[in-house]
Amino acid sequence: MNAYFSSIYQRIRKTKRRTRLFGVALITGLLWFWLCLPDPLFHSPTSYVIEDAQGELLGAGIAADGQWRFPYNENVPEKFRQCIISFEDKRFNHHPGIDPLAILRAIRQNIRSSGIVSGGSTITMQVIRLSRNKNRNILQKLIEGILAVRLEIALSKNDILALYASNAPFGSNVVGLDAAAWRYYGRSADKLGWGEMATLAVLPNAPSLVHPGKNRQALLTKRNRLLDRLKKQGKIDSTSCELAKLEPLPDEPQPLPQLAPHLLQRFKKESAAGDYTRVKTTINRNLQNTVSQIVEQHHRFLKGNGINNACALVLEVETGKTLAYVGNVYHPENPELQSHVDIITSARSPGSALKPLLYAGMLTDGLLLPRTLVPDIPTQIGGYTPQNFDRDYDGAVPAFLALSRSLNVPAVRMLRNYKYPRFYDLLKKTGITTLNRPADHYGLSLILGGCEVTPWDLAGVYAGMARALNHSKRNNGKVLAKDFHAPYYLSAVSPSNDQSTAKSNNQPTFNFIDPISVWYMFQAMEEVMRPGEEGLWKQFSSSQRVAWKTGTSFGFRDAWAIGVTPRYVIAVWAGNANGEGRPGLIGVQAAAPVMFDIVRALPSAPWFAEPASQYATVAICRQSGFRANTNCIDMDTIKAPLNGTNVMLCPYHTIVHLNMTQQYRVTENCAAPSSMVHKSWFVLPPVIEWYYKRKHLDYQSLPAYLPGCAAPGTHKPMDIIYPEPNAKIYVPREITGEKGRTVFTATHQKENAKIFWHLDDAYIGTTVHFHQMALDPRPGKHFLTIVDEAGERITRQFEILEKDNP
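Only a predicted model underlies this, so the values are computations on that prediction, with no experimental measurement involved.

### A short note on the packing of aromatic side chains
Throughout the structure, instances matching the rule amount to 17 aromatic pairs. Ring geometry for Tyr652 and Phe682: centres 6.1 Å apart, planes at 85°, overall edge-to-face. A residue pair is termed long-range when its members are at least 10 positions apart, and Tyr652 in the loop between β14 (635–640) and β15 (653–658) and Phe682 in strand β16 (residues 677–682) qualify at 30 residues. This pair shows no difference in class: Tyr652 is buried, exactly as Phe682 is. An aromatic cluster is built from Phe626, Tyr652, Phe682, Tyr692 and Tyr699, whose rings are joined through pairwise contacts. Sitting above the plane of the Phe92 ring, Lys157 keeps its charged end 4.6 Å from the centroid. Taking the ring centre of Trp456 as reference, the NZ or CZ of Arg266 above it sits at 4.0 Å.

### Quick word on helix α16 (residues 420–430)
Every buried residue of α16 is accounted for by Phe423, Tyr424, Leu426, Leu427 and Thr430. One face of α16 carries all of its buried residues, which in axial projection span an arc of 160°. Looking at the packing, one finds that the buried side of α16 touches α13 (355–365), α15 (408–418), α17 (439–442) and α18 (455–470). Just downstream of α16, Gly431 is the residue with a positive phi angle, here 130°.

### Section: the pairing of strand β7 (residues 322–326)
On a regular strand, one side chain projects to one face of the sheet and the next to the other, so that they alternate. Counting buried positions along β7 gives five out of five residues, so the element sits mostly inside the fold. Two elements, strand β6 (residues 309–316) and β7, share four bridges in a ladder whose sense is antiparallel. Across the sheet, Val314 pairs through a bridge with Ala324, a residue of β7. Count of turn residues in the β6/β7 antiparallel hairpin: five residues, of which Gly320 carries a positive phi of about 85°.

### Focus: the nonpolar core
The biggest cluster of nonpolar side chains holds 111 residues, and the ones touching the most others in it are Leu357, Tyr359, Phe423, Met521 and Phe522. It is α18 that provides the largest number of residues to this core, a total of ten residues. Excluding anything up to four places from it in sequence, Met521 contacts Pro356, Leu357, Tyr359, Ala360, Leu403, Tyr462 and Met465. In this structure, Leu147, Tyr164, Leu177 and Leu227 belong to the second largest nonpolar core, which totals 55 residues.

### Comments concerning the sheet that holds strand β22 (residues 772–775)
Judged by pairing direction, the sheet is antiparallel, and its three strands sit side by side in the order β17-β19-β22 without closing on themselves. The open sheet has two edge strands, β17 (718–722) and β22, and neither has a second partner. Strand-to-strand twist across the sheet, computed as the mean angle between neighbouring axes with direction ignored, equals 20°. In the sheet, β17 pairs with strand β19 (residues 742–748) via four bridges, with the strands oriented antiparallel. The residue of β19 that forms the bridge with Asp719 is Thr747. The sheet strands contacting helix α22 (residues 686–695) are β17 and β19, and the helix crosses β17 at an angle near 75°.

### Structural notes on the pattern of salt bridges
For the coordinates displayed, the defined rule picks out 24 salt bridges. Salt bridges sharing common partners tie together Asp392, Asp394, Arg405, Arg694 and Lys695.

### Observations concerning unusual backbone geometry
Cis peptide bonds are those with omega within 30 degrees of zero, and the linkage from Tyr722 to Pro723 qualifies with 10°. Relative to the helices and strands, Pro723 resides in the loop between β17 and β18 (727–730). Look at Phe556: it is not a glycine, yet its phi comes out positive at around 55°. In this fold, Phe556 is placed in the loop between β10 (547–552) and β11 (558–564).

### A closer look at the packing of helix α9 (residues 216–232) against helix α10 (residues 238–246)
The contact between α9 and α10 brings their axes to 9 Å, and the two run at 170°. By the angle between their directions, the pair α9 and α10 is classed as roughly antiparallel. On α10, the residues touching Arg223, Asn224, Leu227, Asp228 and Lys231 of α9 are Ser238, Cys241, Ala244, Lys245 and Leu246.

### A short note on the side chain of Arg796
For Arg796, the location among the structural elements is in strand β24 (residues 793–801). Polar side-chain contacts of Arg796 include one of 3.0 Å to the backbone oxygen of Pro723.

### A look at the sheet that holds β18
Taken together, the five strands give an open sheet; going across it, the order is β18-β24-β23-β20-β21, and neighbouring strands pair in mixed fashion. Each having just a single partner strand, β18 and β21 (762–768) make up the two edges of the open sheet. Strand-to-strand, the axes of this sheet are offset by a mean angle of 30°, without reference to chain direction.

### Considerations on the packing of α18 against helix α19 (residues 515–526)
Across the interface, α18 lies against α19 with an axial gap of 9 Å and an inter-helix angle of 120°. Between α18 and α19, the crossing angle belongs to the class labelled oblique. Crossing handedness for the pair α18 and α19: left-handed. Between α18 and α19, the contacting residues are Tyr462, Met465, Ala466 and Leu469 on the first element and Pro515, Val518, Trp519, Met521, Phe522 and Met525 on the second. Split by residue class, the contact of α18 with α19 holds ten nonpolar, no polar and no charged.

### With respect to the confidence of the model for the chain
Regions with low pLDDT should not have their predicted coordinates read in detail. Confidence in the prediction of the chain, expressed as mean pLDDT, is 86, and 90% of residues score 70 or more. Counting interchain partners and residues more than four positions distant, the pLDDT-below-50 stretch residues 497–504 has 13 contacts. The low-confidence segment residues 530–535, where pLDDT is below 50, has 14 contacts with residues more than four positions distant or belonging to other chains.

### Let's talk about the side chain of Asn408
The topology assignment puts Asn408 in helix α15. A distance of 2.8 Å separates the side chain of Asn408 from the backbone oxygen of Gln387, its partner in a polar contact. Excluding its chain neighbours within four sequence positions, the residues that come into contact with Asn408 are Ser352, Lys355, Gln387, Asn388, Phe389 and Leu448.

### Here we look at a nonpolar patch on the surface
On the surface, a nonpolar cluster with roughly 450 Å² of combined accessible area is contributed by Leu31, Trp34, Leu35 and Ile153. With three residues, helix α1 (residues 2–35) is the single largest residue contributor to the nonpolar patch. In this fold, Ile153 is placed in helix α5 (residues 138–154). Residue Ile153 is classed as partly exposed on the basis of its relative accessible area of 47%.

The rules behind these values
Residues numbered from 1 in each chain as written. Predicted model: local features only at pLDDT ≥ 70, side-chain atom pairs only at ≥ 80, totals over all residues. Heavy atoms only, no water. Phe/Tyr/Trp six-rings, centres within 6.5 Å; stacked < 30°, edge-to-face > 60°. Helix = DSSP H or I, 4+ residues; strand = E, 2+ residues; numbered from the N terminus. Buried < 20%, exposed > 50% of the residue type's maximum accessible area, 1.4 Å probe, protein only. Lys NZ or Arg CZ within 6 Å of the ring centre and 35° of its normal. Arc of directions from axis to C-beta. Contact = heavy atoms within 4.5 Å. Pairing = 2+ DSSP bridges. Core = buried A, V, L, I, M, F, W, Y, C linked by side-chain atoms within 4.5 Å. Axes fitted to C-alpha atoms, helices over the stretch in contact; angles between N-to-C directions. Salt bridge = Lys/Arg side-chain N within 4 Å of Asp/Glu carboxyl O. Parallel < 35°, antiparallel > 145°, perpendicular 65-115°, else oblique. Polar contact = N/O pair within 3.5 Å; in protein donor to acceptor, adjacent residues only side chain to side chain. Left-handed = near helix turned anticlockwise from the far one by under 90°. Nonpolar A, V, L, I, M, F, W, Y, C, P; charged D, E, K, R; others polar. pLDDT = per-residue confidence, 0-100. Patch = residues over 30% accessible without salt bridge, like charges linked within 9 Å, V, L, I, M, F, W, Y side chains within 5 Å. Areas by Shrake-Rupley, 256 points an atom, 1.4 Å probe, with all protein chains shown as cover.

Given below as structure tokens:
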């Protein structure tokens, strides 16, 4: 009895043990089944692909493994869906990942053929096989079936079909439907006809056997058989079927579009470790084509002068998005052109392209008004001697005209007044990212191209300026910091652009610039010209108003043109990627024609509205442009930034005392006050006057003093133009090899005055009318002294540097 119960007990224990083992095995199996599916399923590298704003292909690069494999695309064209299901897996929409009927059919066909002629794999199983890339045998087929069932649980039928379409082989090194459509037909898959789509649908079944360019009859037979099947299933009608059969088979693979190769290169470089390799950009495809053609057309001309590279960038002002991105001419077949270099992201010397920003900054700070005279005379600052493009001087020019003519000397003197550390901060805050050294490293050369900027940054800065002006009314007359943001080219990363005005008072403001200063800046930029080039710039007319600025770097290495309208900013650069300078490589000749051709291709827009910001009404002297003092007779009234009331009073108008004939000046020592005529006179300092009156024939110099009248010591009738105080002078050798001579220049208000010249207290000569002396002082420090007939004396120290011409 005990033995009986003992045996029952043992059987129960064994049953429990088996049950537990079975449960553990079941749970383990279920757990393995649940976790068996890799995530992600595919690890193969994909091509970098960029699309325009409408999703059309702009360009693509081959994947790291040498395959044309576009990134996963969840959208599968309906034609491909119908074709591939009919051809590969007609019960795809109903089975759970494996199709028993298809397996039985495959077994029967293989037995009859005494070999493997059919695998019975579903599309889902093929997805698994493509992801695993294992040898094809019964064990692997079993594993594929299990994983296929698991995949059906994890994903929808649409997602599975998308995985198949993105990873199926299409012959040669083409993987995926998207790449195949472009390589074989030169357009996107959703634009293919039934015959074209049927051709692609039969390729994955035997990509090594059926390949465009060979075995064309086998490919044609398979395609037409599929089309007949589609007609039989009612997917297409008889007419569509016959027309589809007339569609030609593809030839050898076609090159993919390369409409923005440098933007593709930039995206590939900037994408983080290949996290995403397919993006939609903000590029306007039609405009991109147009700008590329314009750049290429001008490049053919520039190349004749040894100018091998050019770029163009078009931004939308309101958003900052990139509409056209031509990073360089594109000639990969000629490596000597270095067309692979993306100039848009390359730091180059901007030449004069930053001058408008200084002008706007000084207007904002109340350091000048648009018509304020700025000295344009020989200038030397700490050994730095700026020169105008035409090597001439005007004496003094209104600030707005100094900008429109791009005069270098007034710009340097303006920056000296504004202070280069503040201008350095202005540039960085507006969006220049390439100022990697302290402000002292650049100094006053900042304004003449002594730094480096990228066309990307420069275009972004001017877009910010235009945006601030457009938004001035919405922002209650303020410039907000958010108006100055970097441009962008990815549609998914556009900066926030809050259109509301309710909180504008609480948003950070940008204190370096105000709207009315930007308005005056663009007004001055409308009439840009350069000395010696007036005849050229007048050739450039367009259907819309454009504020524009050119720039030419030292050594003729970089030519720039920036154009601004209320809707667009256009940046153009021309030069050589290797920095080689060329004669004639100047902004107005090499870059401006490109820029204006692009402007003509853009839609017109109304000009900037006068800003609704707060402003001050300022009375100015018509001749000097400074705030009018009590001695100014001719005055105008202008709108100015609020700080414009701080601009200094006119320093050039003064009351002079004349005799009754108004031919001579007199003093109380030689004439009674009752016999004097008191008159307001526009008087420039002698050096400024000497240059100014050459260009302004209506300028009236002060009358001489009446003979016998002592001149007050407060006014200097003469001055030394060159050298400036403590000048350091290097005298190069002449072409003959002999040491050159230094030309010293002076001026006198009296037309027929004599000036007696002395060098180191030794008399060296006398001049009348035209006061210049060519001398050859030895190296070292010297004193130059000039004396006129009245005994007026001026002494100036200078130093001759001992340095041979290399």
